[in-house]
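Structural features, examined
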Amino acid sequence: MWLKRQLERGALSLLSGGGSRAPAILIYHRVLPAQDPLFPGEVHRDQFDRQLGWLRSRFNVLPLLDAVQLAAEGRLPARSACITFDDGYADNAEVALPLLQKHGLHASFFIATGFLDGGRMWNDTVIEAVRRAPGDVLDASALGLGRHAVDSWDARRRTIGALIGQLKYLPLEQRLQQVGKVASLSGAELPRDLMMSSAQLRKLHAAGMGIGGHTVNHPILARLPAAEARQEIAQGRAALEAALDAPVRVFAYPNGKPGQDYLPEHVAMVRGSWYQSVSPRDQGIGKFGLRLARNMLQPAERV
Ligand SMILES: [Zn+2]
């Protein structure tokens, strides 16, 4: 099974890594209530249940902040793993949380606060528009985005990939405009509950789960002017602390490839705003990624 191979590979590297020992970091985004014909590979409830059972039997699953602390003290147990979720999907609270509780496992959730309470990430707007597009063809040629077949789940899946591929390198403003037009082409009402509500966020927190920052709008920090990047980092944190009435101490970089998505100056900004950063993480292996992050954990710096 693919997951086991990945984990075993990770565990082996972990054990043979030597030097700075770091936990394996599991990065989830969504846990769907059931399999989605648009994303047959996306993790769903039953799979997540099995993955947690397997993880629990093979790994020391630790809260991320505990792992940070233990690693700093050189006391991180072998085969340590941390479970994380990026972005703030509502299914994290509705589907994943009860299963984490069932298995007695801790996870940390990194929330892009701009999408709380009814927001939607641009790629999900494309996905949900194509899911609902009527007929056999989605004609986006007036937008310069071509005509695409939507006459089967397979075709819809390919159309989503093609549209996202064309849109993702546009400058932010232009991308959001184009995405809005794709949404109107479908003529359908798009869901406003894909991302967490503040109440769902508080539910995770009240259940003892970790909550971390992930900016406001999920920009690629390296492509922003410094002042805007600093704002994204600080405001995301302030919004979470206001919603939770509690301090928020960890941060994950959107996309998360060091040198490409964020730079040393952003690490300094995160530290400057009293965060512990989790770095480097990245989302390389589809939506269920495992990264053995050497040097991942940076000691807290208080200013
Ligand atoms: Zn993210």
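All figures in this text were calculated on a predicted structure; none of them were measured in a lab.

1. A look at the overall build of the chain
Scanning the chain from N- to C-terminus turns up ten helices and ten strands. When each of the 303 residues of the chain is scored for burial, the buried share is 52%. Here the contacts in the chain between residues at least 6 apart in sequence split such that 71% fall between residues at least 24 apart. Counting every atom, the chain has about 13600 Å² of accessible surface; 51% of that belongs to carbon and sulfur.

2. So, the packing of aromatic side chains
Summed over the entire model, instances satisfying the criterion amount to seven aromatic pairs. Ring geometry for Y28 versus F48: centroids 5.0 Å apart, planes at 90°, classification edge-to-face. Here Y28, found in strand β1 (residues 24-28), pairs with F48, found in helix α2 (residues 45-58); they are 20 residues apart in sequence, far enough to count as distant. Across this residue pair, the class does not change: Y28 and F48 are buried. With 5.2 Å between their ring centres and 20° between their planes, Y28 and F85 make a pair best called stacked. One end of the pair, Y28, is in strand β1; the other, F85, is in strand β3 (residues 80-87), and 57 residues separate them in sequence. Of the two residues, Y28 and F85, both sit in the buried class. The rings of Y28, F48, F85 and F109 are connected pair by pair, giving a single aromatic cluster. Above the plane of the ring of F59 lies R79, whose end atom (NZ or CZ) is 5.8 Å from the centre.

The rules behind each value
- Residues numbered from 1 in each chain as written.
- Predicted model: local features only at pLDDT ≥ 70, side-chain atom pairs only at ≥ 80, totals over all residues.
- Heavy atoms only, no water.
- Helix = DSSP H or I, 4+ residues; strand = E, 2+ residues; numbered from the N terminus.
- Buried < 20%, exposed > 50% of the residue type's maximum accessible area, 1.4 Å probe, protein only.
- Contact = heavy atoms within 4.5 Å.
- Areas by Shrake-Rupley, 256 points an atom, 1.4 Å probe, with all protein chains shown as cover.
- Phe/Tyr/Trp six-rings, centres within 6.5 Å; stacked < 30°, edge-to-face > 60°.
- Lys NZ or Arg CZ within 6 Å of the ring centre and 35° of its normal.

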